[in-house]
Amino acid sequence: MRYLLILPLFLFSCTDGEEILTEPNFSIEGRWIWSPSESRVDANTMYEFVDGIRYTYYCITCPGDNTYWNSLDTSNALPTTNPYTFKNDTLRVNLHHGNELVTLITFGCDGGKLFMDGNFSHLWRLSSDCE
């Protein structure tokens, strides 16, 4: 037991008083909306990541606001779901028939915005204040 207490003290003392900064660890779990434009106002697609399954929701003529998207449950999703894993900042989504989406994920806006492979494509976390 004594060794367990000494090790953290040793590691802390080796930093020379410099603060070690680590990036926050954001989760992919939750609801994310996608828009064909740079604005969330045009959002017509929502992806929901829950326990290793990605659900997809489409909306052609709808308000597309948080109230609408939050009113949906998995019975409103497309019938085909996609298994996924998110490990070491890499998202892998099984698109079936031998197809797979593999992309590096970074987060912005305190976890409210998700970037795939840099700034190529992004999603907004539902109900976040990010633009």
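So, here is what we can say about the structure in this document. (Residues numbered from 1 in each chain as written. Predicted model: local features only at pLDDT ≥ 70, side-chain atom pairs only at ≥ 80, totals over all residues. Heavy atoms only, no water.)

Let us look at the overall build of the protein. The helix and strand inventory of the protein stands at 2 helices and 8 strands. The N-to-C order of helical and strand elements in the protein reads α-β-β-β-α-β-β-β-β-β. Looking at the protein as a whole, 32% of its 131 residues are labelled buried. When contacts within the protein are restricted to residue pairs at least 6 apart in sequence, long-range pairs at least 24 apart make up 38% of them. With the model as given, the accessible surface of the protein reaches about 9000 Å², and the carbon-plus-sulfur share is 55%. (Helix = DSSP H or I, 4+ residues; strand = E, 2+ residues; numbered from the N terminus. Buried < 20%, exposed > 50% of the residue type's maximum accessible area, 1.4 Å probe, protein only. Contact = heavy atoms within 4.5 Å. Areas by Shrake-Rupley, 256 points an atom, 1.4 Å probe, with all protein chains shown as cover.)

This brings us to the side chain of K113. Of note, K113 is situated in strand 7 (residues 113-116). Look at K113 and you get buried, because its relative accessible area is 13%. Those residues within four positions of K113 in sequence are excluded, and the remaining contacts are W32, T106, F107, G108, H122, L123, W124, C130 and E131.

All right, on to the packing of aromatic side chains then. Working definition: an aromatic ring pair is given by the centre-to-centre distance plus the angle between the planes. Going through the model one piece at a time under the given rule, you end up with 5 aromatic pairs. On the basis of an interplanar angle of 90° and a centroid distance of 5.0 Å, the ring pair of F49 and Y84 is categorised as edge-to-face. Of the two residues, F49 is situated in strand 2 (residues 45-50) and Y84 in strand 4 (residues 82-87); the sequence distance between them amounts to 35 residues. According to the relative accessible area criterion, F49 is buried, its value standing at 3%. The interplanar angle of 90° and the centroid separation of 6.2 Å between the aromatic rings of F86 and F107 together place this pair among those described as edge-to-face. (Phe/Tyr/Trp six-rings, centres within 6.5 Å; stacked < 30°, edge-to-face > 60°.)

A positive phi angle is found at H97, which is not glycine, with a value near 55°. Tracing the backbone shows H97 in the loop between strand 5 (90-96) and strand 6 (99-108). Positive phi values are uncommon outside glycine, yet D110 reaches one of about 55°. Here D110 is to be found in the loop between strand 6 and strand 7.

Turning our eyes to something else, we now look at the pairing of strand 3 (residues 53-58). With 6 bridges connecting them, strand 2 and strand 3 associate as antiparallel partners. When the bridges of strand 3 are listed, Y47 appears paired with T56. Joining the antiparallel neighbours strand 2 and strand 3 is a turn of 2 residues, in which D51 adopts a positive phi near 50°. Across 2 bridges, the pairing between strand 3 and strand 4 is antiparallel. By the bridge assignment, I53 is partnered in strand 4 with P83. (Pairing = 2+ DSSP bridges.)

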